[in-house]
Amino acid sequence: MSQAQAAFSPEQEDFRTYCRQWLLDNPVGPAPAGMPSGPLEITQSEHMAHLQRWQKKAWEAGLIGCDYPVEYGGQGRQHCQEIANEEMSRAGFPFLPNIVGLGMAAPTILHHASEELKRELLPPIFSGEEIWCQGFSEPGAGSDLANVQATAERKGDKWIINGHKVWTSLAHFSRWMILLARTDRSDKYKGLTYFVAPMFADGITISPLVKITGESGFNEVFFENLEIDDRYRLDEVGTGWQVAMTTLLHERGASGLRTPEVIPQDQGDGGTVDARSLIELARTAQGDGGPAAQDPIYRDRLMQLLIRERAKSAHERRAQVPALQDHPQRLALQNKLLNSELVQDSAALALDMTGSTSTLAQGDANAPDGGLWPYAYMNSFGATIAAGTSEIQRNILGERVLGLPRSK
Amino acid sequence: MSELDEIGFGEEAALLKQQAGRLLAERMPIDRLHAMVAGHDANRSGPPPWDESLWREMVDLGWSALALPESAGGIEMPLTAIAGLMEEIGRAALPGPLLDTLAVSLVLAEVGDTAQPAMTALAGGDAASLAICDRYGAWRAEDLDVEYRDGLLNGRAWHVQELSRVQHFLVAARNGDGLSLFWVDASADGVQLERDDIVDLTRDQGRVVFRNVVAMPLTLQGQSALDAAFPAIWTLLASEMAGASEWLLQTTVEYACTRQQFDRPLGWFQAVKHPLVNLMIKIDETRSLVFEAACAMDDGAEEARDLAHMAKASACDTAAFAANRSVQLHGGIGFTWECFVHVYFKRLLHGRSLWGGAQWHRARLAERVIGPLAA
Ligand SMILES: Cc1cc2nc3c(=O)[nH]c(=O)nc-3n(C[C@H](O)[C@H](O)[C@H](O)COP(=O)(O)OP(=O)(O)OC[C@H]3O[C@@H](n4cnc5c(N)ncnc54)[C@H](O)[C@@H]3O)c2cc1C
């Protein structure tokens with residue numbers, strides 16, 4: 001479908017041409033076998049090494065972190081990351097493995113770290129040489145994140161960390177962690193402090209957890225007297241909650257600074273969860289009798305999803321027009337909820353349409369689209385749970401945008 | 001780079017929307033509207049009340065000529081700007097023939113030279129409405145009750161909006177195998193108006209009966225003129241419905257923040273909070289699709305028709321949800337005639353079925369993106 005094109009600045013247009021050429025000149029060879037579908041499921045060093053190699057090449061070419069200042073490993077460009085993302089995605093470039101580093105650690109460091117730390121930590125995030133993880137959640141602190149109990153005790157110019165983090169994606173490859181820890185038990189919110197923790201130091205045990213899909217990728221992390229230099233504290237003692245809000249804002253895609261990312265595109269092989277793949281699937285999928293594409297009810301459900309999907313790209317353009325906003329955050333804060341629920345509902349429809357074959361798993365020769373749909377459906381809950389569940393997103397939207405009473 | 005150009009919603013459009021919002025808030029606040037259309041002394045048997053002097057003011061501001069070509073004395077604003085205005089009309093639930101006059105202009109613009117006299121009448125401030133539907137609200141030649149033969153129109157056009165508030169009708173009639181369009185004055189000999197009893201208190205709907213009405217075709221290619229104009233018409237109606245839904249959202253949010261039960265404002269409870277968020281999300285979906293569709297039409301983009309189906313389908317679902325939750329979350333007071341919510345509830349019920357409901361639009365969209373349904 002053709003879409004009316006948004007207007008781009010000359011810098012963006014030039015940069016797009018440059019990206020296209022670079023991507024043409026640097027074709028990515030075949031990936032090692034068994035590559036997972038996204039960065040949160042990487043478990044094998046061989047896969048990680050391949051992905052890191054390509055992230056580094058793209059950074060060296062100026063496609064990653066390009067909107068950041070030059071002294072931090074960026075290019076000092078304006079609104080060019082979105083262009084690089086589009087071009088890398090279109091070219092089928094390998095996904096960027098340093099998802100936590102790029103999307104959460106980097107913007108938090110940019111806003112809250114000392115000049116020295118910015119120069120030290122940001123470039124290897126963009127190059128992908130140093131992988132990052134997020135140590136926020138704990139057994140007793142999920143949606144109620146401020147309930148974090150892992151402690152940081154001051155000892156001279158060091159902090160001693162003890163505690164238990166959980167669901168820590170990519171911890172097993174990480175060199176650094178963004179860490180939310182308790183420095184004061186007497187105040188739930190003001191008792192939190194934000195650190196960057198070296199994962200290569202002594203006092204850390206990592207044990208993997210297996211996901212609903214059978215894959216791994218997230219972990220439990222135990223700290224036993226881990227020592228962190230005070231220079232790795234971000235902002236003041238007791239301001240951890242505010243710093244964490246910066247991280248969450250970026251994690252949920254609700255900030256103006258675009259995260260470097262490669263979004264897998266439909267390469268015409270039915271490999272992505274989007275309306276176009278669903279429509280293709282409907283032409284062959286048979287629940288009972290004829291193809292779903294000839295069933296009025298499935299047609300209606302397909303169109304409902306297509307409409308939701310198309311509205312998301314329409315949001316991006318309406319969000320540029322101040323006269324058509326009622327509240328500056330109203331569209332931005334919907335982003336995470338819309339994306340995650342659309343994927344879940346799309347995969348659910350595919351399962352309905354494929355009837356008895358919907359249960360054939362990845363690896364089964366007869367599975368529609370190679371078993372994508374049951375996998376995608378199961379995996380979709382990662383996105384509706386992580387980074388603030390859909391229920392929490394609705395609380396946030398109701399309270400911050402509609403001004404309804406706070407329920408915490 | 002002007003950021004406003006992104007969807008063609010420029011400064012002029014923003015000013016028009018602002019001006020409309022201010023004028024309507026001042027001249028037709030909800031308590032005044034309610035007193036007029038639903039007050040105890042409102043005349044429930046004669047023509048439904050409306051503010052004709054406010055309409056004249058809107059005409060003087062040029063609003064009724066916004067979709068007319070400049071060459072015909074119109075203002076020819078981009079559709080994105082008109083969609084912005086319609087949002088304000090919807091927010092105010094304003095009675096009057098603006099949408100209909102705009103819809104007629106959009107069809108006339110597809111007709112060609114023969115439409116000149118009709119356009120001149122509209123440019124001069126007259127109002128007009130579409131008289132194109134059969135008894136089920138459809139507009140296909142084979143179903144139409146109105147027929148053109150030997151220079152005369154006979155039959156009945158159904159679901160004509162703003163029946164007694166317009167001076168002209170754009171009439172669709174069977175003509176041999178095809179559908180032709182005609183321009184007929186409401187006061188012409190042989191034209192008779194029959195009012196429908198409708199739920200919506202803000203509209204005036206009825207049937208136009210033609211008995212040997214002398215008429216000259218505007219075009220013999222009526223179906224293609226209607227087909228070409230309807231995406232823009234759906235988009236404007238969808239925008240109006242999004243505006244009305246937003247009024248319901250804001251009004252219900254306000255109520256949920258003030259009314260206390262169990263020692264807390266209602267909106268503290270997630271069974272109240274989350275549906276309101278879901279409604280906001282649905283309204284935003286509709287609004288974004290409306291402006292995307294309008295922009296695509298202004299640009300002549302191929303995707304425009306798909307987007308218009310999407311916008312109206314979305315508007316219908318949004319409207320249904322908005323009306324449903326608004327009454328429910330107001331509790332007992334929401335069930336009363338006194339609570340202003342019912343004015344919007346009823347207006348949206350009407351908008352949902354007008355010119356195709358949600359399923360109808362999705363079925364048309366499916367034919368375009370999936371392919372036809374085998375017989
Ligand atoms: C794939 C994946 C990767 C993750 N990666 C990381 C990571 O790298 N680092 C990290 O720190 N964390 C990570 N997480 C953890 C994630 O942030 C938490 O799982 C999430 O915040 C929810 O917390 P919880 O699991 O304790 O669920 P709970 O908070 O116990 O929630 C359980 C259910 O109750 C609902 N609920 C809770 N509170 C409310 C409320 N106030 N109102 C309404 N409903 C409520 C929730 O919506 C949910 O449905 C990851 C999670 C997943 C699934």
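Since the structure is predicted, the reported quantities are computational estimates derived from the model, not experimental observations.

> Help me understand the overall build of chain B in this model?
Of the regular secondary structure elements, chain B holds 11 helices and 10 strands. A globule of 375 residues ought to have a C-alpha radius of gyration of about 21 Å, and chain B, at 21 Å, matches this closely. With the C-alpha coordinates aligned to their principal axes, the bounding extent of chain B is approximately 75 × 55 × 50 Å. A buried classification covers 59% of the 375 residues belonging to chain B. Sequence-distant contacts, at least 24 apart, represent 76% of the contacts inside chain B between residues at least 6 apart. With 31 positive and 51 negative side-chain charges, chain B shows a spacing of 9 Å between the two charge centroids.

> Quick question: what am I supposed to make of the pattern of salt bridges here?
Where side chains of opposite charge bring their charged atoms close, a pairing between them can arise. Within the structure shown, the criterion is met by 52 salt bridges over all chains. A:Arg16 serves as the salt-bridge partner of A:Glu87, at 2.5 Å between the closest nitrogen and oxygen. You can see A:Glu87 sitting in helix H3 (residues 81-90) and its partner A:Arg16 sitting in helix H1 (residues 10-25), a full 71 residues away along the chain. For A:Arg16, a relative accessible area of 9% puts it in the buried group. We note a salt bridge from B:Arg364 to B:Glu367, for which the minimum N-O separation is 2.9 Å. With a gap of 3 residues between them, B:Arg364 and B:Glu367 both fall in helix H11 (residues 358-369), about one helical turn apart.

> How should the site of the ligand be read in this particular structure?
With respect to spatial proximity, 18 residues lie near the ligand, and among them A:Ser137, A:Ser143, A:Trp167, A:Thr389 and A:Glu391 are the closest. Each of chains A and B places residues next to the ligand. The separation between an oxygen atom of the ligand and a polar side-chain atom of A:Ser143 is 2.6 Å. With respect to the ligand, the side chain of A:Thr389 contributes an N or O atom lying 2.6 Å from an oxygen atom.

> Is there a simple way to explain the environment of A:Ser127 in this structure?
All names here are of chain A. The residue Ser127 is located in helix H5 (residues 115-127) in this model. Linking Ser127 and Gln344, residues 217 residues apart in sequence, is a C-alpha distance of 32 Å. Apart from residues lying up to four places away in sequence, Ser127 is in contact with Gln52, Gln55, Lys56 and Trp59. Side-chain polar atoms of Ser127 contact the side chain of Glu129, separated by 2.6 Å.

Cut-offs used in this document
- Residues numbered from 1 in each chain as written.
- Chains lettered and ligands numbered in written order.
- Predicted model: local features only at pLDDT ≥ 70, side-chain atom pairs only at ≥ 80, totals over all residues.
- Heavy atoms only, no water.
- Helix = DSSP H or I, 4+ residues; strand = E, 2+ residues; numbered from the N terminus.
- Rg over C-alpha atoms; globule rule 2.2 N^0.38 Å.
- Buried < 20%, exposed > 50% of the residue type's maximum accessible area, 1.4 Å probe, protein only.
- Contact = heavy atoms within 4.5 Å.
- Lys, Arg positive; Asp, Glu negative; His and termini not counted.
- Charge placed at Lys NZ, Arg CZ, Asp CG, Glu CD.
- Salt bridge = Lys/Arg side-chain N within 4 Å of Asp/Glu carboxyl O.
- Near = heavy atom within 4 Å.
- Polar contact = N/O pair within 3.5 Å; in protein donor to acceptor, adjacent residues only side chain to side chain.

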